[in-house]
Amino acid sequence: MNKLIALFLALLWCLATPLAWSAGEDAGLKSLGGETDLTQEPKAPELKSWERDRGPIPRNYVQQPPLIPHAIEGYRINKKFNKCLTCHSWANYQEAGATKISQTHFADRDGHVLSNVSARRYFCTQCHVPQVDAPPLVENTFEPVKVLQKQQQ
Amino acid sequence: MADKPNSGTGGNIIKRIWGVMKKPSARFSLGTLMVGGFVAGIIFWGGFNTAMEATNREVFCISCHEMRENVYKEYRDTIHYNNRTGVRATCPDCHVPKEWTYKMLRKIQASNELLHKALGSIDTPEKFEAKRLTLARHVWASMKKTDSRECRNCHDYESMDFTKQGRRAVPRHAKGLTEGKTCIDCHKGIAHSLPAMYEVDPSVVVGGHQAAK
């Protein structure tokens with residue numbers, strides 16, 4: 001009985017090994033980003049710089065946290081101080097000419113409305129991000145709903 | 001008075017001063033004394049200036065751990081430390097005036113800092129955080145009083161090219177100028193962490209009481 005099992009395993013190994021070896025040598029890694037050869041060191045993409053300040057960026061879907069259209073290098077958010085709110089808070093937004101922080105950010109997790117920004121919405125960059133001029137990694141045919149698309153003149 | 005001595009050995013005070021002025025030393029001539037004094041003056045003044053400028057460098061400021069562990073570490077993350085062009089500002093560029101008289105006044109005022117170093121007023125992180133708002137206010141007040149003189153050591157408002165500034169900067173700079181604001185009014189926290197801002201601007205901190213159920 002043991003001899004039979006040993007023979008069976010040996011046969012299996014003989015069949016499996018050449019397959020495994022050939023897969024390593026010729027086949028590359030296939031992914032959505034294209035075929036990459038594992039033996040070559042890939043070229044690093046160019047460093048991108050943050051986009052210059054510009055006007056508001058249209059949203060792609062209604063619930064999307066709006067993108068940040070300006071540079072935020074060096075802006076700190078910590079327990080004592082939130083740099084974003086120096087322009088976007090309800091007290092400061094008019095003087096700064098900025099978008100007011102939405103009132104949805106004032107509710108705690110039970111739905112109670114607080115008098116200041118809720119702790120769950122305090123760290124802006126968890127949802128809001130600035131942009132960089134980089135091409136999409138994968139070709140993308142996404143289109144927002146008609147309601148959000150700009151009218152064609 | 002038949003025998004009036006010319007040197008400063010006798011006579012009233014005016015006569016004695018006149019005597020010394022006329023013949024200051026038995027050994028050296030007036031010329032030697034003047035040249036010697038001139039050279040000694042240069043050496044003394046140069047030495048004094050060298051010593052004072054040595055206290056005017058970043059490496060001196062951060063020799064105190066209070067500065068090195070707190071404000072210097074915060075400054076290292078900012079644009080004044082490290083930026084695209086490498087043109088930067090270190091401690092004295094912002095905190096010590098460049099003009100001689102103002103610099104002297106500030107240096108005399110700095111004896112207060114030596115006192116507090118000896119007392120250890122801010123020698124732990126907790127003590128420093130407790131005093132941060134007070135100390136920041138001192139600096140803001142002195143900058144406001146001098147119309148941000150130290151900022152203007154490098155940043156000349158008249159030479160700013162507004163076509164190169166971002167969308168947000170241009171209207172605010174123009175508005176600030178017409179409102180008579182100075183640099184420090186808006187650009188607080190540019191080099192060091194801001195203190196707990198609740199007292200200064202309660203809208204930039206989190207946490208409020210429940211307004212409505």
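Residues numbered from 1 in each chain as written. Chains lettered and ligands numbered in written order. Predicted model: local features only at pLDDT ≥ 70, side-chain atom pairs only at ≥ 80, totals over all residues.

Examining the overall build of chain B
Stated precisely, the cut-off is as follows: Comment: elements are numbered from the N terminus, with helices defined as DSSP H or I runs of at least four residues and strands as E runs of at least two. Exposure classes come from backbone-placed C-beta atoms, where a residue is buried if 20 or more other C-beta atoms lie within 10 Å of its own, exposed if 12 or fewer do, and partly exposed in between. For every residue pair, C-beta atoms are placed from the backbone, and the pair is scored as a contact if these atoms sit within 7 Å.
When helices and strands are tallied, chain B shows 10 helices and one strand. Put simply, chain B runs from its N terminus to its C terminus through helices and strands in the order α-α-α-α-α-α-α-α-α-α-β. For chain B, the spread of C-alpha atoms along the three principal axes comes to 110 × 45 × 35 Å. Within chain B, the proportion of its 213 residues that are buried is 9%. Across chain B, the fraction of contacts at a sequence separation of at least 24, relative to all contacts at a separation of at least 6, is 56%.

Section: the overall build of chain A
When its secondary structure is counted, chain A shows three helices and five strands. In chain A, the order of α-helices and β-strands from amino to carboxyl end is α-β-β-β-β-α-α-β. A buried classification covers 8% of the 153 residues belonging to chain A. Taking as baseline every contact in chain A between residues at least 6 positions apart, the subset at least 24 positions apart corresponds to 39%.

Considerations on the interface of chain A and chain B
Note the cut-off: Each residue is assigned to one of three groups, with Ala, Val, Leu, Ile, Met, Phe, Trp, Tyr, Cys and Pro labelled nonpolar, Asp, Glu, Lys and Arg labelled charged, and all others, Gly among them, labelled polar.
Opposite the 23 residues of chain A that make contact, chain B presents 21 residues. Those elements that place two or more of their residues in the side of chain A that touches chain B are strand S4 (81–82), helix H2 (85–88) and strand S5 (113–114) of chain A. The residue inventory of the side of chain A that touches chain B, partitioned by class, reads nine nonpolar, 10 polar and four charged.

Here's the deal with the domain arrangement of chain B
This is how it is decided: Each domain span listed reflects an automatic or database assignment of domains.
For chain B, the domain assignment lists domain 1 (44–149) and domain 2 (155–185). For domain 1 of chain B and domain 2 of chain B, the distance between their C-alpha centres works out to 26 Å.

Section: the nonpolar core
Quick reminder of the rule: Residues of type Ala, Val, Leu, Ile, Met, Phe, Trp, Tyr and Cys that are buried and joined through C-beta atoms within 7 Å form what is called a nonpolar core.
Counting nine residues, the largest nonpolar core is built from Phe81, Cys84, Leu85, Ile101, Val117 and Cys124 of chain A together with Leu194, Val204 and Val205 of chain B. Sequence-distant contacts of Leu194 of chain B, defined by excluding residues within four places in its chain, comprise Lys80 and Phe81 of chain A together with Lys188 and Gly189 of chain B.

Remarks on helix H7 (residues 111–119) of chain B
Within H7 of chain B, only zero of the nine residues are buried, which leaves the element largely exposed. After H7 of chain B finishes, the residue Gly120 of chain B shows a positive phi value of roughly 70°.

Notes on the environment of His173 of chain B
Residues and elements named next belong to chain B. With respect to the helices and strands, His173 occurs in helix H9 (residues 169–178). A residue is classified by how many C-beta atoms lie within 10 Å of it, and His173, with 16 of them, is partly exposed. Residues His173 and Cys183, spaced 10 residues apart in sequence, show a C-alpha to C-alpha distance of 9.3 Å.

A look at the confidence of the model for chain B
All names here are of chain B. Condition: As a per-residue quantity, pLDDT reports the predictor's confidence and falls between 0 and 100.
Within chain B, residue pLDDT values average 88, and 92% of them lie at 70 or more. At the level of individual helices and strands, chain B shows its lowest average pLDDT in strand S1 (residues 210–212), which scores 46, and its highest in helix H3 (residues 58–61), which scores 96. The low-confidence segment residues 209–213, where pLDDT is below 50, has nine contacts with residues more than four positions distant or belonging to other chains. Both confidence scores are given for the complex: pTM 0.76, ipTM 0.73.

Some words on the environment of Ala191 of chain B
One can find Ala191 of chain B in the loop between helix H10 (183–186) and S1. For the pair Ala191 of chain B and Asp77 of chain B, spaced 114 residues apart in sequence, the C-alpha separation works out to 8.2 Å.

Considerations on the environment of Lys100 of chain A
Residue and element names in this part refer to chain A. With respect to the element layout, Lys100 can be found in the loop between helix H3 (93–96) and S5. Overall, the presence of 15 C-beta atoms within 10 Å leaves Lys100 in the partly exposed class. Expressed as a C-alpha distance, the spacing of Lys100 and Cys87, which sit 13 residues apart in the sequence, is 8.4 Å.

Structural notes on unusual backbone geometry
Phi is mostly negative for residues that are not glycine, and the peptide bonds are mostly trans. All names here are of chain B. Positive phi outside glycine occurs at Asp147, with the angle close to 55°. Counting through the fold element by element, Asp147 comes out in the loop between helix H8 (125–145) and H9. Judged by the 12 C-beta atoms lying within 10 Å of it, Asp147 is exposed. The phi torsion at Ser148 lies on the positive side, around 50°, for a residue other than glycine. Mapped onto the fold, Ser148 is located in the loop between H8 and H9.

Considerations on helix H2 (residues 30–54) of chain B
To keep things clear, this is the line we draw: Helix span, expected: 1.5 Å multiplied by one less than the number of residues in the helix.
With 25 residues, H2 of chain B extends 36 Å from end C-alpha to end C-alpha; this agrees with the ideal 36 Å at 1.5 Å per step. Where burial is concerned, little of H2 of chain B is hidden: zero out of the 25 residues are buried.

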